[in-house]
Amino acid sequence: MPAPPNRPYVFHSFEVSYFSAKVRPALRYKRLWYDEVLADSGLIRERTGLTFIPMLLTPEDEAWQDSTDIYDRLEARHPDPPLFPTTPLQRIAAHLVELYVDEFGLIPAMHYRWGSELGEASARSRFIAMVGSEEVGTKAAARMAQARLAIGASDENAPAIEAHTRELLDALSTHFGAHRYLLGERMSFADCALMGPLDGHFFTDLVSRNLLLETARPVVGWIERCNHPNAPAQGEWLTEDALAPTCRETLGVMGRDAAPILMEGLRVFERWADDAPRDGKPLPRAVGQTESSLRGLPVVRFAGSYAPWLVQRVLDDYGALDPAVRKRVDESLAGTGWEAVLAHEPRHRVAKRGYELVLDAD
Ligand SMILES: N[C@@H](CCC(=O)N[C@@H](CS)C(=O)NCC(=O)O)C(=O)O
């Protein structure tokens with residue numbers, strides 16, 4: 001057993017930050033001793049070379065950046081209570097929820113925060129209050145309103161985003177009417193991940209908070225539970241690697257809309273990487289633009305180098321399964337839209353070097 005730390009983790013975050021909301025429930029669930037401080041972007045840049053929020057400093061003063069890596073490292077250091085299911089279907093399902101959150105969930109999140117007059121005005125006011133300066137807060141808000149477009153939310157596709165969100169909230173409401181968490185009666189990293197959009201944006205922002213309170217009370221109950229996990233009092237994930245039909249339905253709402261857009265991004269990345277030099281230099285976070293659609297409306301968004309890395313993680317776990325087990329996973333997920341992602345055969349491997357992504361020499 002390692003000696004108990006004599007100082008806490010320090011969590012650099014914002015209340016309004018999507019990826020902070022993705023990490024926070026994991027820290028609480030694991031009952032860690034941590035200080036949560038307003039993100040110091042100068043320090044984050046100094047420690048990681050990047051400007052991404054959040055960052056977690058360990059008691060030994062290591063800097064951890066990237067919510068996905070943070071989950072991995074927390075699990076390795078503090079395995080009990082567990083965040084990662086070890087049974088194949090539940091584990092792949094949890095990975096897919098995280099993939100949805102990291103790659104698609106930003107679209108509805110940015111739409112509800114910045115895509116209407118009321119949303120924009122209230123979020124801008126919050127930003128100004130948060131930084132204590134009209135000028136700095138207004139600039140940050142303008143940058144984020146612009147990011148909404150880069151991420152793929154627009155006035156034109158707003159009806160499709162809202163239809164997707166309504167369907168997702170309905171599926172989640174049905175599920176949380178019967179189960180406390182996504183995989184049963186215990187939290188997993190899938191719940192933590194989904195807190196990114198649902199707590200970090202939807203429950204934080206005026207327009208979507210109303211939507212949740214008026215149309216999705218069971219989801220609000222789940223947000224409250226994830227924020228107060230009380231891990232020892234939780235039950236267990238469903239036995240025999242089962243996925244509740246309502247969880248499968250939720251995965252279907254996610255996959256049928258997100259997977260085609262994600263696959264288009266992967267294709268753009270593959271073509272870009274075919275000709276990219278293997279010089280070990282950090283990959284640009286955006287390598288091109290994708291044009292796809294959501295429920296018949298156009299979605300134009302950047303194609304990134306992060307999605308291929310995240311998909312690779314899922315495929316590594318999926319590919320390691322015994323063929324008979326993989327067949328069972330395939331059968332359970334048939335019709336959810338995620339089949340295309342699980343069938344993807346990347347031509348290039350993306351690796352992490354420090355905090356940067358690089359192309360593996362092949
Ligand atoms: N992959 C990173 C993404 C972090 C991220 O994009 N954070 C947002 C705030 S929620 C950010 O810092 N955006 C600023 C930027 O993109 O420059 C993670 O999972 O932690």
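Parameters and conventions
Residues numbered from 1 in each chain as written. Predicted model: local features only at pLDDT ≥ 70, side-chain atom pairs only at ≥ 80, totals over all residues. Near = placed C-beta within 6 Å. Helix = DSSP H or I, 4+ residues; strand = E, 2+ residues; numbered from the N terminus. Nonpolar A, V, L, I, M, F, W, Y, C, P; charged D, E, K, R; others polar. Expected span 1.5 Å × (residues − 1). Bend = angle between axes of the 7 residues up to and from the residue. Domains from an automatic or database assignment. Contact = placed C-beta atoms within 7 Å. Pairing = 2+ DSSP bridges. Axes fitted to C-alpha atoms, helices over the stretch in contact; angles between N-to-C directions.

**Thoughts on the site of the ligand**
Part 1 of the argument: The environment of the ligand is formed by Ser17, Tyr18, Phe19, Thr51, Phe52, Ile53, Asp66, Ser67, Thr68 and Tyr306.
Part 2 of the argument: When contributions to the shell around the ligand are tallied by element, the ones reaching two or more residues are helix 1 (18-29) and helix 3 (67-77).
Part 3 of the argument: The residue inventory of the shell around the ligand, partitioned by class, reads five nonpolar, four polar and one charged.

**Considerations on helix 12 (residues 245-274)**
Part 1 of the argument: For helix 12, built from 30 residues, the straight-helix expectation of 44 Å at 1.5 Å per residue is met to within 8% by its first-to-last C-alpha distance of 40 Å.
Part 2 of the argument: Along its length, helix 12 shows its largest kink, about 40°, at alanine 258, and proline proline 260 lies within four residues downstream of that point.

**Considerations on unusual backbone geometry**
Part 1 of the argument: Geometrically, the link from isoleucine 53 to proline 54 is a cis peptide bond, its omega value of 10° lying close to zero.
Part 2 of the argument: Counting through the fold element by element, proline 54 comes out in the loop between helix 2 (41-48) and strand 3 (55-57).
Part 3 of the argument: Here the amide bond leading from aspartate 80 into proline 81 is cis, since omega sits at 0°, within 30 degrees of zero.
Part 4 of the argument: Here proline 81 shows up in the loop between helix 3 and helix 4 (88-103).
Part 5 of the argument: Despite not being glycine, aspartate 61 shows a phi value in the positive range, around 70°.
Part 6 of the argument: Mapped onto the elements, aspartate 61 comes out in the loop between strand 3 and strand 4 (63-65).
Part 7 of the argument: The phi angle at aspartate 66 is positive, at roughly 95°, despite the residue not being glycine.
Part 8 of the argument: Considering the arrangement of structural elements, one finds aspartate 66 in the loop between strand 4 and helix 3.

**Some details on the domain arrangement of the chain**
Part 1 of the argument: Split by domain assignment, the chain resolves into domain 1 (9-77) and domain 2 (88-359).
Part 2 of the argument: With centres defined by C-alpha atoms, the gap from domain 1 to domain 2 works out at 19 Å.
Part 3 of the argument: Counting residues at the interface gives 19 residues for domain 1, matched by 23 residues for domain 2.
Part 4 of the argument: Sorting the residues of the side of domain 1 that touches domain 2 by element identifies helix 1 and helix 3 as the ones contributing at least two each.

**Description of the sheet that holds strand 1 (residues 9-13)**
Part 1 of the argument: Spatially, 2-1-3-4 is the arrangement adopted by the four strands of the open sheet, whose pairing is mixed. The sheet is open, and its two edges are formed by strand 2 (34-38) and strand 4, each paired on a single side. In this sheet, neighbouring strand axes are inclined to one another by 25° on average, regardless of whether the strands run parallel or antiparallel.
Part 2 of the argument: Note: strand 1 against strand 3, three bridges, orientation antiparallel. For valine 10, the partnering residue across the bridge sits in strand 3 and is leucine 57.

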